[in-house]
Amino acid sequence: MKTIQSVDRTVTLLDTIAQHPGEYTLSELSRVLNLPVTTLHGFCATLEYWKLLQKNESGRFILGYRLFHYSLSFNAEQQLIASVHPYLVSLTRQFNETFHLGIVRDDKVIYIDKSEPSKPYRMTSVVGNMDEYYNSAIGMIVLAGRGSLIPAEHLKNCNDMQRDGYCLKFESEMDAYCLAVALLGNTAGINIVLPRHRYTPFLCQQIVDAMRAVDKALLEESRYPLSWSQNK
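Residues numbered from 1 in each chain as written. Predicted model: local features only at pLDDT ≥ 70, side-chain atom pairs only at ≥ 80, totals over all residues. Heavy atoms only, no water.

(A) A look at the packing of helix H1 (residues 5–19) against helix H3 (residues 37–49). Two elements in contact, H1 and H3, have axes separated by 11 Å at closest approach and are oriented at 75°. Between H1 and H3, the angle is such that the two are roughly perpendicular. Counting all contacts with H1, which are made through Ser6, Arg9, Thr10, Leu13 and Leu14, the residues of H3 involved are Leu40, Phe43, Cys44 and Leu47. In the contact of H1 with H3, the residues fall into 6 nonpolar, 2 polar and 1 charged. (Axes fitted to C-alpha atoms, helices over the stretch in contact; angles between N-to-C directions. Helix = DSSP H or I, 4+ residues; strand = E, 2+ residues; numbered from the N terminus. Parallel < 35°, antiparallel > 145°, perpendicular 65-115°, else oblique. Contact = heavy atoms within 4.5 Å. Nonpolar A, V, L, I, M, F, W, Y, C, P; charged D, E, K, R; others polar.)

(B) Focus on the sheet that holds strand S3 (residues 99–105). The strand order across the open sheet built from 6 strands is S5-S4-S3-S8-S7-S6, with neighbouring strands paired in antiparallel fashion. Since the sheet does not close on itself, it has two edges, and those belong to strand S5 (130–132) and strand S6 (167–171), each with one partner. Put simply, the sheet's adjacent strands are angled 35° from each other on average, direction ignored. Along the sheet, helix H6 (residues 137–145) contacts S3, strand S4 (108–115), S6, strand S7 (176–183) and strand S8 (188–195); its crossing angle with S7, the most-contacted strand, is approximately 40°. (Pairing = 2+ DSSP bridges.)

(C) Expanded view of the pattern of salt bridges. Overall, the coordinates contain 8 salt bridges when judged by the stated rule. When the shortest N-O distance is used, the salt bridge between Glu116 and Lys114 registers 3.3 Å. Taking relative accessible area as the criterion, Glu116 reaches 28% and is therefore assigned partly exposed. A salt bridge links Glu171 to Lys169; its shortest N-O distance comes to 3.1 Å. Owing to a relative accessible area of 6%, Glu171 belongs among the buried residues under this scheme. In this structure Lys169 comes out as buried when scored by relative accessible area, which is 6%. By sharing partners, the salt bridges in this structure join Asp107, Lys108 and Glu132 into a single network. (Salt bridge = Lys/Arg side-chain N within 4 Å of Asp/Glu carboxyl O. Buried < 20%, exposed > 50% of the residue type's maximum accessible area, 1.4 Å probe, protein only.)

From the geometry alone we can't say anything about function, so treat these as descriptive.
Next up, the structure:
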């Protein structure tokens, strides 16, 4: 099928930023996509004008809010739930704990799905709850992955997320650890709340590895890469 090169390039540009939100400046995108800065500037300026791209506080590109507006027409949350739920169930069976799926909207986390074990004593929650991002490991890891600035007071009970690639947050009021990994290029996240008596570094790493495997599987299901430099 013959396609239009400028559209191919636009989709590739958006895909690149979606997979690496808040990581690239214009010059860095030029290097990654092997396109002159002057040419790329025209693409980015046009996409910014139409609110398909925007820049974060550090001048690096993230997706624009118009894409979120479009996504609502396709009931994106229901599609996300349908894709992720089987993996949540699998994680619950593997670790016998409750796993949640959450999305970040502005500075809020909305829990849109969960999978609970059948054991009588478990950490439970209500789907549809909304929380401040800094009260949720999902919110912390998703916004950190997007390159957002997180105040130091919200990081004092967390691990080094940039180093580790996940958020481990101690919740003193629950006497428990909240562990989260971002999904689909920081579109969403999954987490588990482990009571302190259950937590061990070894178990933490097992769960992180399992959640990362979910992210990898989801990306493989949804990724249709285009070559930026292919000739039409």
